[in-house]
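Next come the chains, spelled out residue by residue.
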Amino acid sequence: MSTILIRNATVLPMSGTRQVFDPGSVLFDGTTIVAVGPVDEIDAHPLAAGAEVVDATGHAVLPGLHNCHMHSGLLRGTAESMSLWDWLEAYVDPAHKAMTPEIAKAASLVAYTENLRFGNTSVMDMWRFMEGSAEAAAAVGIRATLVPYVADEPGYDYFETLDSNLSLLKSHRTASDGRVRAWVGLEHLLYCSPTCFRDAMALAEEYDTGLHTHSSESIWEVQQSLSRFGRRPIEEFFNRGILSERTVVAHCVWLDDREIELMAQTGTSAVHCPCSNMKLASGPARVRDMRAAGIAFGLGSDGEKENNNLDLFEEMKFASLLQKVSTLDPTIGDPWEVLTMATIEGAKALGLDDVTGSLEAGKRADIVMVDLGSIKFVPTFTAANGNGANSNVAAHLVFTANGDDVDSVWVDGVRLVANGVALPANQFGTQPKIGTRVPQPVATPARFAQQASS
């Protein structure tokens, strides 16, 4: 890999402050970011003179986004206007009964390419037959955390088992130079026995991985938990011993104060899926209260069938708006806070914040370039290399942009999207083409230009 200089952009490093470099540059050598800062400063770097330059004038550059909860699938547009549990019984569970490894792999290939095209450089996918998902992630080049659907209660024998999860850990604990890794997964509280929960946590501890599950997505689920176990779902998780710093829980819509306290004191992370929660009429999560308690909070699209896309830019907008409308407080859902959830905080929830999630020297070159040239971004303004409070670029990224505005994406320093098109081939294998747009000449190394035109 050669040295690449992304030059003359509006750069949002997302490294813990609201700093904007405008004009700014990002310099990376192979897989690793070397320097981030003002154009003049980066131009003076010893490696800049020999770098291949990507002219990013009129673009925003930010870290890759983390889709912290999704499901591969091929049910988009087929399961509409139903409540969560009716929808699961009528569509989702029957689809799992019919699932084959070939179908599962094809679904992951499509889902990972869509994620990448929209600027999601990292995904956590809960799915089936995930050896095929690992192959799909390697082919697309995305960073992927693979979490099998595990269930053991009677009637759910068509899901994954802890034995199949163990098999995936043995074969794909880490793969593809660390971009692909396996975790332990549990479906719903109502699908898994207490023994399954305890054994799952023991497995995660043995292999030193994370553990991922759903909880408190609907009022009905909370009522069922109280009826069956005498505890609310997160309290039951605590009782079963799975709340910990290695655990990430999706949805967390119907939590009371005690459950928020339990998650905070155990270091458990959460994932907010606003579009799914609205579409299924599940309700609004208490994001402000959970973040105030210190809970690491990522964003997720959920599956293609309950969203119906995997566009985290759209998810950011709704994450903000849902907080505002559910609390009747227009001051919350600040765009910088939402961007933080999609980048460095999402990376922290996935245990990847030492690798990616911000544009800093020493981290991997997982980078997204967003085209701000459309009329919808007028006006765009920022203070030169100053405080992001004086810029509206963060607001544009959250409230104005969508995944179609993504021009280019790099993962581990490899350009995998150029001119808004997922490259049809790269060193990891073959990708499907998404859409019908024809790639135009771009300022990239020759090998990528050749791939884009092939």
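Residues numbered from 1 in each chain as written. Predicted model: local features only at pLDDT ≥ 70, side-chain atom pairs only at ≥ 80, totals over all residues. Heavy atoms only, no water.

A. Expanded view of the overall build of the protein. Helix and strand counts for the protein stand at 16 helices and 21 strands. Taken over the C-alpha trace, the protein has a radius of gyration of 21 Å; the compact-globule value for 454 residues is 22 Å, and the two agree within 12%. When its C-alpha atoms are laid out on the principal axes, the protein stretches across 65 × 45 × 40 Å. When the 454 residues of the protein are sorted by exposure, 59% land in the buried category. Taking contacts inside the protein between residues at least 6 apart in sequence as the whole, the part at least 24 apart equals 71%. Of the accessible surface of the protein, which amounts to about 16200 Å², a share of 52% is contributed by carbon and sulfur atoms. For the protein, the centre of its 34 positive side-chain charges and the centre of its 56 negative side-chain charges are spaced 1 Å apart. (Helix = DSSP H or I, 4+ residues; strand = E, 2+ residues; numbered from the N terminus. Rg over C-alpha atoms; globule rule 2.2 N^0.38 Å. Buried < 20%, exposed > 50% of the residue type's maximum accessible area, 1.4 Å probe, protein only. Contact = heavy atoms within 4.5 Å. Areas by Shrake-Rupley, 256 points an atom, 1.4 Å probe, with all protein chains shown as cover. Lys, Arg positive; Asp, Glu negative; His and termini not counted. Charge placed at Lys NZ, Arg CZ, Asp CG, Glu CD.)

B. Expanded view of the layout of surface pockets. Considering only enclosed or pocket space, the largest pocket measures out at about 410 Å³ in volume. Together, 24 residues line the largest pocket, and Trp183, Glu245, Arg246, Leu350 and Gly351 are the ones closest to its centre. Counting residues per element, the ones that place at least two in the lining of the largest pocket are β13 (247–251), α9 (257–266) and α14 (344–349). (1 Å grid on protein atoms, 1.4 Å probe; cavity = no way out; pocket = protein on both sides within 12 Å on 5 of 7 lines; lining within 4 Å. Points joined across faces, edges and corners; volume = space filled by probe spheres on them.)

C. Just the pattern of salt bridges, in detail. For the coordinates displayed, the defined rule picks out 25 salt bridges. The salt bridge involving Asp404 is made with Arg117; its shortest N-O contact spans 4.0 Å. Highlighted residues: Asp404 in the loop between α15 (393–400) and β17 (406–411) and Arg117 in helix α3 (residues 101–117), separated in sequence by 287 residues. On the basis of relative accessibility, which here comes to 53%, the residue Asp404 falls in the exposed class. Of the residues examined, Arg117 reaches a relative accessible area of 5% and is grouped as buried. With a closest N to O distance of 2.6 Å, Asp257 and Arg286 form a salt bridge. With a gap of 29 residues between them, Asp257 in helix α9 and Arg286 in the loop between α10 (274–279) and α11 (287–292) connect regions that are remote in the sequence. Taking relative accessible area as the criterion, Arg286 reaches 27% and is therefore assigned partly exposed. One connected set of salt bridges, linked through shared partners, spans Arg143, Arg179, Arg364, Asp366 and Asp412. (Salt bridge = Lys/Arg side-chain N within 4 Å of Asp/Glu carboxyl O.)

D. Fine view of α15. Val393, Ala394, His396, Leu397 and Val398 are the residues of α15 that are buried. Looking at the buried side of α15, the elements it contacts are β1 (3–11), β5 (59–63), α12 (312–327), α13 (335–342) and β16 (367–371).

E. View of a nonpolar patch on the surface. A surface patch of nonpolar side chains, about 240 Å² in accessible area, is lined by Leu74, Ile103 and Val110. Residue position: Val110 is located in helix α3. (Patch = residues over 30% accessible without salt bridge, like charges linked within 9 Å, V, L, I, M, F, W, Y side chains within 5 Å.)

F. Looking closely at the pairing of β13. Within β13, 5 of the 5 residues are buried, which leaves the element mostly enclosed by the surrounding structure. One ladder, built from 5 bridges, connects strand β12 (residues 211–215) with β13; its direction is parallel. Note that in β13 the partner of His214 across the bridge is Ala250. With 3 bridges joining them, β13 and strand β14 (residues 269–272) adopt parallel strand pairing. (Pairing = 2+ DSSP bridges.)

G. Local environment of empty space enclosed by the protein. What the rule picks out here adds up to 2 cavities of 30 Å³ or more. Size it by volume and the largest cavity reaches roughly 80 Å³. Forming the walls of the largest cavity are 15 residues, and the residues nearest its centre are His71, Trp87, Leu88, His188 and His214. Here the element with the most residues in the lining of the largest cavity is helix α2 (residues 84–97); it accounts for 4 residues. Each residue belonging to the lining of the largest cavity can be placed in one class, and the counts come to 5 nonpolar, 5 polar and 5 charged. (Nonpolar A, V, L, I, M, F, W, Y, C, P; charged D, E, K, R; others polar.)

H. Examining the packing of aromatic side chains more closely. For the structure on display, the rule yields 8 aromatic pairs. Ring centres 3.9 Å apart and planes at 15° place the aromatic pair Tyr156 and Tyr191 in the stacked group. Here Tyr156 is found in the loop between β8 (143–148) and α5 (162–172), whereas its partner Tyr191 is found in the loop between β11 (184–185) and α6 (194–207), with 35 residues between them in sequence. Residue class for Tyr191 comes out buried when judged on its relative accessible area of 2%. Centroid distance Tyr158 to Phe159: 4.9 Å. Interplanar angle 35°. Geometry classified as tilted. Among the residues examined, Tyr158 registers a relative accessible area of 13% and is labelled buried. Accessibility expressed as a relative area gives 4% for Phe159, which makes it buried. Ring pairs connect the aromatic residues Tyr149, Tyr156, Tyr158, Phe159 and Tyr191, which therefore count as one cluster. Taking NZ or CZ as reference, Arg240 lies 4.8 Å from the ring centre of Phe197, over its face. (Phe/Tyr/Trp six-rings, centres within 6.5 Å; stacked < 30°, edge-to-face > 60°. Lys NZ or Arg CZ within 6 Å of the ring centre and 35° of its normal.)

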